[in-house]
Amino acid sequence: MALDIKQAHVTQQWTHDRPLVCCRFDPQGRYVFCGAQDEALHRFALADGTKVSYTGGHEAWIRTVACTRDGSYVISGGADGRLVWWEAAASEAPPPARTVEAHHGWIRSIDLSPDGSMLVTGGNDTLVRLWNTADGAPIKEFAGHERDVYTVLFHPGGEFILSGDLMGKLKQWNVATGELVREFDASTLHNYNGGQQVDFGGVRGIAVSPDGQFLTAGGLHKATNPLGAVHEPLSLVFNWETAELLKSQVSDGITKGVIWRMQYLSDGTAMAVCGGGSGGFLLFYTADGDKDFHRFKLPNLARDMDLHPDGIQVATAHYDKHVRITRLAAD
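The model shown is predicted, which means the values in this text are computed figures rather than measured ones.

Engineer: Please explain the sheet that holds strand β17 (residues 180-185) as it appears in this structure.
Structural biologist: Hydrogen bonds between backbone atoms are what pair the strands of a sheet, whose relative direction is either parallel or antiparallel. What the 4 strands build is an open sheet, ordered β14-β15-β16-β17; its pairing is antiparallel. Two strands close off the open sheet at either side, each with one partner strand: β14 (149-154) and β17. Across the sheet, the axes of successive neighbouring strands diverge by a mean angle of 20 degrees, strand direction being ignored.

This is the structure in structure tokens:
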């Protein structure tokens, strides 16, 4: 099946009883796991939509999810600062397999190393932390952010970690030494309103292109009235080798829009999920474009997305309590 974003269409949707916050596929493509505005993790089977809810691990919303590379466990990160390991393919809701008190305050983002041996987390306590995936033991701490860490990502090569924060600081860390390698200037993703005394925006999503040439970071800009949700989605494209900002890509006309996550498709197209007062969109960019070259309107405000292992299906988590599957190809 050939990738064709112009043929994007929703093929499946399943509902929960609370608005959804985050979503991830398992590596085998059997399930999509979702966090919601409750304290449980919810698993939907792609084959028939059967839902299993995992409870007893968190005391707050689950903000982020990742699966081990072999698909045996799903790991949830909560607003309670806790990491919880769960058996991914259990026939009935299992108890937590492991719990780690990982951060003070929200865990905003987690990611697994390319070989699956390590897990990186970032949270509201300004810290980036590295863990052993197998047993949850702490490995290393990366301190240097001054405000909430919104997103973390392993570089595909495995030797670096990338982390972005509220202030538009995008840092590259050496995994082996723990040292800060350099910073990318994503400060245009941060806004400060003196009248409201609000810092707003931040690096919400980061991704590295399949050929390793580009680093992209997404969020928002033009936040003239943060409390009134006056802003537009913005994607920044950097040259990986030089850290030079190549493009600031504005998705104009999407007022109140925020980019929540970014991923690259197999053909080098950058895909972002955007949600806000204007609803939900999948936005698509080329590295040399000045703005998105295509956008797919989703049925409702979207908060997160994930690309299926087949590179064609996309899961999106929505405020209207639905998780939806969109196919980036004709039937």
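Engineer: How do you make sense of the packing of aromatic side chains when you look at a structure like this?
Structural biologist: One pass over the structure, following the stated rule, counts 8 aromatic pairs. Between the aromatic rings of Phe-160 and Trp-240, the centroid separation amounts to 6.4 Å while the plane-to-plane angle is 50 degrees, which identifies the pairing as tilted. Remark: Trp-240 occurs in the loop between β22 (230-239) and β23 (245-250) and Phe-160 occurs in strand β15 (residues 160-165); sequence separation between them is 80 residues. With a centroid separation of 5.4 Å and 70 degrees between ring planes, the pair formed by Phe-184 and Phe-238 is classed as edge-to-face. Of the two residues, Phe-184 is situated in strand β17 and Phe-238 in strand β22; the sequence distance between them amounts to 54 residues. As far as the burial class goes, Phe-184 and Phe-238 line up, both buried. Residue placement shows Lys-297 over the ring face of Phe-281; its charged tip is 5.2 Å from the ring centre.

Engineer: Would you explain the sheet that holds strand β11 (residues 118-123) in this entry?
Structural biologist: What the 4 strands build is an open sheet, ordered β10-β11-β12-β13; its pairing is antiparallel. The open sheet is flanked by β10 (107-112) and β13 (138-143), the only strands paired with a single partner. Averaged over neighbouring strand pairs, the angle between their axes works out to 20 degrees when direction is ignored. In this sheet, strand β12 (residues 127-132) lies alongside β11 in antiparallel orientation, the contact comprising 5 bridges. Counterpart to Gly-122 in the pairing with β12 is Val-128.

Engineer: Sorry if this is basic, but what is going on with the state of the cysteines here?
Structural biologist: When the sulfur atoms of two cysteines share a covalent bond, that bond is a disulfide. Within this structure, the stated rule accounts for 0 disulfides. Take Cys-34: it sits in no disulfide, and the sulfur closest to it among the cysteines is that of Cys-23, at 5.4 Å. Exposure remark for Cys-34: the relative accessible area of 0% places this residue in the buried category. A disulfide-free cysteine, Cys-67 has its sulfur positioned 11 Å from the sulfur of Cys-34, the nearest such atom.

Engineer: Hey, could you run me through the pattern of salt bridges in this one?
Structural biologist: Once their charged atoms are close, side chains differing in charge can pair, the charge on each being opposite to the other. Summed over the entire model, instances satisfying the criterion amount to 15 salt bridges. When salt bridges that share partners are traced, they join Glu-59, Asp-80, Arg-82 and Glu-101 into one network.

Engineer: Explain unusual backbone geometry here, please?
Structural biologist: Notably, Ala-243 is not glycine yet its phi reads approximately 65 degrees, a positive angle. Here Ala-243 shows up in the loop between β22 and β23. Residue Ala-243 is classed as buried on the basis of its relative accessible area, which comes to 19%. Phi angles above zero are rare outside glycine, and Lys-321 is one such case at about 80 degrees. Within the secondary structure, Lys-321 is located in the loop between β29 (313-318) and β30 (322-327).

Engineer: Any chance you could explain the nonpolar core here in plain terms?
Structural biologist: The tendency in soluble globular proteins is for nonpolar side chains to be buried side by side. Membership of the largest hydrophobic core comes to 17 residues, with the highest contact counts inside it found for Leu-162, Leu-170, Phe-184, Leu-215 and Phe-238. Those elements giving two or more residues to this core turn out to be β15, β20 (205-208), β21 (214-225) and β22. For this core, the element with the most residues is β22, which contributes 3 residues.

About the criteria used
Residues numbered from 1 in each chain as written. Predicted model: local features only at pLDDT ≥ 70, side-chain atom pairs only at ≥ 80, totals over all residues. Heavy atoms only, no water. Pairing = 2+ DSSP bridges. Helix = DSSP H or I, 4+ residues; strand = E, 2+ residues; numbered from the N terminus. Axes fitted to C-alpha atoms, helices over the stretch in contact; angles between N-to-C directions. Phe/Tyr/Trp six-rings, centres within 6.5 Å; stacked < 30°, edge-to-face > 60°. Buried < 20%, exposed > 50% of the residue type's maximum accessible area, 1.4 Å probe, protein only. Lys NZ or Arg CZ within 6 Å of the ring centre and 35° of its normal. Disulfide = S-S within 2.5 Å. Salt bridge = Lys/Arg side-chain N within 4 Å of Asp/Glu carboxyl O. Core = buried A, V, L, I, M, F, W, Y, C linked by side-chain atoms within 4.5 Å.

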